[in-house]
Amino acid sequence: MTTTTNADVLLSVRDLKVHFPTMDGIVKATDGLSFDLAKGTTLGIVGESGSGKSVSSSAILGLHRGTNAIVSGEILLDGEDLLQLNDEQMRRRRGQDVAMIFQDPLSAMHPYYTVGNQIGEAYLVHNDVSKKAARTRSIEMLDRVGIPQPDRRVDDYPHQFSGGMRQRAMIAMALMNDPGLLIADEPTTALDVTVQAQILDLLQDLQREFNSAIIIITHDLGVVAEMADDVLVMYAGRAVEYGPCKEILTHPEMPYTWGLLSSVPDVQGDTDARLIPIPGSPPSLLSPPKGCAFHPRCVHRDKVPGDLCFTELPDLTPARSGGSHVKRCHLPNPDEVYRVEVLPEIAPDLVEETP
Amino acid sequence: MFAYIVRRTISGLVLLVVMTLVTMMLFFSGPLHPERHACGKICSPAQIAVTKKAFGYDKPVLVQWGQFMQGIVKGRNFPEDKKLEKDHPELVVHCTAPCLGYSKYFTQNVTTLIKTSFPISLSLAIVAFILWITGGVLFGVIAALRKGTIIDRGIVGISLIFYAFPTFFIGLFLYKFVSIKWQLVPTPEYIPFSQNPWSWLTGLILPALTLALFFMAGYVRMTRAFVLESMSEDYIRTAKAKGLPARRILTKHTMRAAFTPLVTMAGLDLAGLLGGAIITETVFNFNGLGGLAVAAATNNDLPILVGLVIVLASFVILANIIVDVLYAVIDPRVRVG
């Protein structure tokens, strides 16, 4: 299952389940998720809204504690199972060993406190230092993430920052304690395209400098292509395809991944090329479809013999391309289907190059 | 900021002046005959006419209003009659500036009447305010933190009961049981603070509690709602992700955001209450501004009514300015540049 053969695995998630009991039944937001992440590498988690991406990463940080969510499985960080820690032990690790940045930096920062106050707080809570030291550290980090005149801007309020600067400040806040793992939950979704690229560059720079592992959650395959070493595609709370980024982007073997790839615009591509949306909408996590959760939207389900797609949930099995690439699909010949049917439609210019 | 306050104060004063005119016009547009009340029960039409003239009620409203405004600035005499003043100076009442008029019913200057009644209403309002803010915020926060439990339901339910029962019922209930039957506090009466602070407090604790219980219900529910809303904000998740202890998240991040809207409401409610609490004052026989207003309304005593309008309106206007300025202090986003 693992794609990281590397010995220095930082994070290892095994069979993670996050279930929310509701009046209507149990919502299985994440249902049996497993992945590994080595130090200094990046994992991209991709999927539509409601596929369980954010819920899974919040579970790593233990943000579901104190709610009615039922979290099970194993989350091993440096060999220690975070789910076995008590609340106080988990609190000490938050912000210290695992940090998180969020989608909308404006709502993620408290409107009534200065940026410096909020960033410094992350340092103060984990280190026995004076407020002055925390302030110095805040200025240093603001400078590091590229905020001009950090000694002055440190006393500004979030609303006085631009969107990109706010996200930089959030990154500064997350990296205050040099955490081994940084979870970025759609860090560029709320930003302008030009600013997006800057933020992604910044994250990569900082990753090299601090050697942090990054989980980047996104629905943008462009972000994944730029940032990720490994990719995990999620659908209806489960991994449907998982493997090295290059493999997934060039030889995807799951119709849902094909759908995601088809819906990415190609700037250099043919202007006549059309974006092909995935038909239908994400399934209800309360009562997901029987069999493969994707079958109601899958245009290739007829190629599977019998009614397997409707009755049997496919296992994660090694992909035809080999290596550590795994997929969850009943199609007997996904590589052929992709090459013959999907690729000509989404990237006609690539067809000739592919053997 | 200073310019802003000055601007607001000036517009507030203009508003006050307009309000006095509107009050007078409203008063005289109704089928009221203040001169009959002022004259007494057995009055001949001639006597009524004399009374009307003596009070100036025979003049057009605008003229009366002009005299009223003049009285505020430099004082005036009642009746405004140079000849009478010369022949019978003992019959003329002088009302020094700021003169809000002369009440024939109380045979006193309105300014004096308000000055006597105001401390009573002020004391009541302050003690009630402290009680309801402390109780409302405390129980509201507890209810929010224990959302959905029996504690939450109990707090919300009980506060609803106090909200639903009429004030006079709660007031009489407290009076009858706490004061008379169980004798936990002395009979409610107003004793000036300067005379004996302890008696001042014990004397008005029941009426203040009556008022507080009513207001508290709203504040419990609103505090609960604001705290819950704030707890679901993204910045609270950020604070959690930073590894802050739960207590610190509550006191620093949640409360700060939740209490801001309460400031507005608390300021305005307090200002309204400073103008007198009619029912509570009546139940406990406190002669505050509320009692004065009732007496003025039942006796068609225009000067008192106009005087009370001015006082009450100034409190509300002042409270508005204070709340707006406070807001700028609390919320950096609304700071005026």
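Computed from a predicted model, the values in this text were never measured in an experiment.

Quick look at the overall build of chain B
Part 1 of the argument: Of regular secondary structure, chain B possesses 14 helices and four strands.
Part 2 of the argument: Structurally, chain B occupies a C-alpha span of about 85 × 60 × 40 Å along its principal axes.
Part 3 of the argument: Relative to its 337 residues, chain B shows a buried fraction of 44%.
Part 4 of the argument: Considering only intrachain contacts with a sequence separation of at least 6, the fraction spanning at least 24 residues in chain B is 67%.
Part 5 of the argument: Summed over its atoms, the accessible surface of chain B is roughly 17,700 Å², and 69% of this surface lies on carbon and sulfur atoms.
Part 6 of the argument: Taken as two groups, the 30 positive and 17 negative side-chain charges of chain B have centres that lie 9 Å from each other.

A few points about the sheet that holds strand 3 (residues 42-46) of chain A
Residues and elements named next belong to chain A.
Part 1 of the argument: Spatially, 6-7-8-3-9-10-12-11 is the arrangement adopted by the eight strands of the open sheet, whose pairing is mixed. If you trace the sheet from one side to the other, it starts and ends with strand 6 (98-101) and strand 11 (317-318), each paired once.
Part 2 of the argument: Docked against the sheet, helix 1 (residues 53-60) engages strand 3, strand 6, strand 7 (181-185), strand 8 (213-218) and strand 9 (230-235), running at close to 150° with respect to strand 8.

Looking at the packing of helix 4 (residues 115-126) of chain A against helix 5 (residues 131-144) of chain A
Think of two packed helices as two axes; the pair is described by the angle between the axes and how far apart they sit.
Residues and elements named next belong to chain A.
Part 1 of the argument: Running from N to C, helix 4 and helix 5 point in directions that differ by 110°, and their axes come no closer than 8 Å. If you check the angle between helix 4 and helix 5, you find them roughly perpendicular. When you trace helix 4 past helix 5, the crossing you get is right-handed. Contacts between helix 4 and helix 5 pair Val 115, Gly 116, Ile 119, Gly 120, Tyr 123 and Leu 124 from the former with Lys 131, Ala 133, Ala 134, Arg 137, Ser 138 and Leu 142 from the latter.
Part 2 of the argument: Here the residues of the contact of helix 4 with helix 5 sort into seven nonpolar, three polar and two charged.

Cut-offs applied
- Residues numbered from 1 in each chain as written.
- Chains lettered and ligands numbered in written order.
- Predicted model: local features only at pLDDT ≥ 70, side-chain atom pairs only at ≥ 80, totals over all residues.
- Heavy atoms only, no water.
- Helix = DSSP H or I, 4+ residues; strand = E, 2+ residues; numbered from the N terminus.
- Buried < 20%, exposed > 50% of the residue type's maximum accessible area, 1.4 Å probe, protein only.
- Contact = heavy atoms within 4.5 Å.
- Areas by Shrake-Rupley, 256 points an atom, 1.4 Å probe, with all protein chains shown as cover.
- Lys, Arg positive; Asp, Glu negative; His and termini not counted.
- Charge placed at Lys NZ, Arg CZ, Asp CG, Glu CD.
- Pairing = 2+ DSSP bridges.
- Axes fitted to C-alpha atoms, helices over the stretch in contact; angles between N-to-C directions.
- Parallel < 35°, antiparallel > 145°, perpendicular 65-115°, else oblique.
- Left-handed = near helix turned anticlockwise from the far one by under 90°.
- Nonpolar A, V, L, I, M, F, W, Y, C, P; charged D, E, K, R; others polar.

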